[in-house]
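# Residue-level structural notes
Residue-level listing of the chains:
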Amino acid sequence: MSEYLELVDYRSQVADLYGAVRHSDPSRSTWESWRQSRDRLFATHPQSPIEHIETFSSLPFFEYQPSWRTDAVFQPDDGFELDVANSGSDVTRFTRIGDVEFDLSGSTHSLGVLWLEAYGGGMFIPFRDHTNGHSTYGGGRYLIDTVKGADLGRTADGIVLDFNYAYHPSCVHSPRWSCPLAPPSNALDFEVTSGEQLV
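Please read all numbers here as calculations on a predicted model, not as lab measurements.

## Some words on the side chain of His 45
As for its position among the elements, His 45 is in the loop between α2 (28–44) and β1 (69–85). Exposure remark for His 45: the relative accessible area of 7% places this residue in the buried category. Those residues in contact with His 45, other than ones at most four positions away along the chain, are Glu 6, Asp 9, Tyr 10, Gln 13 and Ile 53.

Structural data, given as structure tokens:
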């Protein structure tokens, strides 16, 4: 199979993983099934982001906590283009299309929503928090990336955010990838002790 068809297959399988989550009840067992399926994909697929696939077994995560799941209200704005720095030397062009506002532990927070400026487009919500550079990657993690199929569903006035499913960009696993970093404007002023951790 060509490298391009392999990548199409990999992205299709990732989308299937998130589709299964969207069609299941939010629970620890659903999350554990997603993790196990994702680890198997990373361990076996030729387009795996893992650099040393022969020694890979699983990715570490914080413990599952239902309180990290929330419905976020989308607040559109007029939008403006911005170049987001990548882990390499290049940038990726996005349009900032609005914010999502959400409650966690009785406090209201927001994150900017980016739209990929490429054929077909795609919603992208990366974030930074106070775990970065310690238990998580310094460049932040991703919550939503619809280009990759990473999407937990919509609500009547927004989208579902579940930080238990927050994950690192591929550049964390191999230097051959150049990935958009979470812009400083998408920084949360607390520790998100949920989602994927560093090994």
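## What to know about the sheet that holds strand β7 (residues 158–162)
Across the sheet, seven strands lie side by side as β5-β4-β3-β2-β1-β7-β6; this open sheet has antiparallel pairing. One side of each edge strand has no neighbouring strand; the edge strands of this open sheet are β5 (141–145) and β6 (154–155). When β1 meets β7, the two strands line up antiparallel, connected through five bridges. Bridging across to β7, Ala 72 finds its partner in Ile 159.

## Things to note about the packing of aromatic side chains
In this structure the tally under the stated criterion is 14 aromatic pairs. Between Trp 34 and Phe 61, the aromatic rings sit 5.8 Å apart at their centres with planes inclined by 90°, giving edge-to-face as the arrangement. Highlighted residues: Trp 34 in helix α2 and Phe 61 in the loop between α2 and β1, separated in sequence by 27 residues. Here Trp 34 and Phe 61 have matching classes, each one buried. For the pair Phe 124 and Tyr 142, a centre-to-centre distance of 4.8 Å together with 80° between the ring planes defines the contact as edge-to-face. With a gap of 18 residues between them, Phe 124 in strand β4 (residues 123–127) and Tyr 142 in strand β5 connect regions that are remote in the sequence. The buried category is assigned to Tyr 142, whose relative accessible area is 4%.

## Points about the environment of Gln 47
Here Gln 47 lies in the loop between α2 and β1. The sequence separation of Gln 47 and Leu 181 amounts to 134 residues, and the corresponding C-alpha distance is 21 Å.

## Things to note about the nonpolar core
Judged by nonpolar contacts, the single largest core of 28 residues is most densely connected at Tyr 18, Trp 34 and Phe 94. Mapped by element, the contributors of at least two residues to this core are α1 (3–22), α2, β1 and β3 (107–116). With near-sequence residues (within four places) excluded, Trp 34 lies in contact with Leu 17, Tyr 18, Val 21, Phe 61 and Tyr 165. Leu 104, Leu 111, Ile 144 and Phe 163 belong to the second-largest nonpolar core, a separate cluster that totals 19 residues.

## Describing the pattern of salt bridges
Summed over all chains, the structure comprises ten salt bridges. With its nearest N and O atoms 2.9 Å apart, the salt bridge here joins Arg 154 to Asp 151. The class of Arg 154 is exposed, set by a relative accessible area of 57%. Here the salt bridges do not stand alone but share partners, grouping Asp 77, Arg 96 and Asp 99 into one network.

## A closer look at the environment of Leu 114
On the secondary structure map, Leu 114 appears in strand β3. Aside from chain neighbours lying at most four places away, what touches Leu 114 is Leu 82, Val 84, Phe 94, Thr 95, Arg 96, Gly 122, Met 123, Phe 124, Pro 126 and Pro 183.

## Describing unusual backbone geometry
We note that Ser 105 has phi near 50°; this positive angle belongs to a residue other than glycine. Relative to the elements of secondary structure, Ser 105 occurs in the loop between β2 (91–104) and β3. Residue class for Ser 105 comes out exposed when judged on its relative accessible area of 80%.

## Focus: the packing of α1 against α2
For the pair α1 and α2, the least separation of the axes is 10 Å and the interaxial angle reads 170°. Relative to α2, α1 is oriented roughly antiparallel. Only Thr 30, Trp 34, Ser 37, Arg 38, Leu 41 and Phe 42 of α2 make contact with α1, whose side of the interface consists of Tyr 10, Gln 13, Val 14, Leu 17, Tyr 18 and Val 21. In terms of residue class, the contact of α1 with α2 is made up of eight nonpolar, three polar and one charged.

Cut-off values and rules
- Residues numbered from 1 in each chain as written.
- Predicted model: local features only at pLDDT ≥ 70, side-chain atom pairs only at ≥ 80, totals over all residues.
- Heavy atoms only, no water.
- Helix = DSSP H or I, 4+ residues; strand = E, 2+ residues; numbered from the N terminus.
- Buried < 20%, exposed > 50% of the residue type's maximum accessible area, 1.4 Å probe, protein only.
- Contact = heavy atoms within 4.5 Å.
- Pairing = 2+ DSSP bridges.
- Phe/Tyr/Trp six-rings, centres within 6.5 Å; stacked < 30°, edge-to-face > 60°.
- Core = buried A, V, L, I, M, F, W, Y, C linked by side-chain atoms within 4.5 Å.
- Salt bridge = Lys/Arg side-chain N within 4 Å of Asp/Glu carboxyl O.
- Axes fitted to C-alpha atoms, helices over the stretch in contact; angles between N-to-C directions.
- Parallel < 35°, antiparallel > 145°, perpendicular 65-115°, else oblique.
- Nonpolar A, V, L, I, M, F, W, Y, C, P; charged D, E, K, R; others polar.

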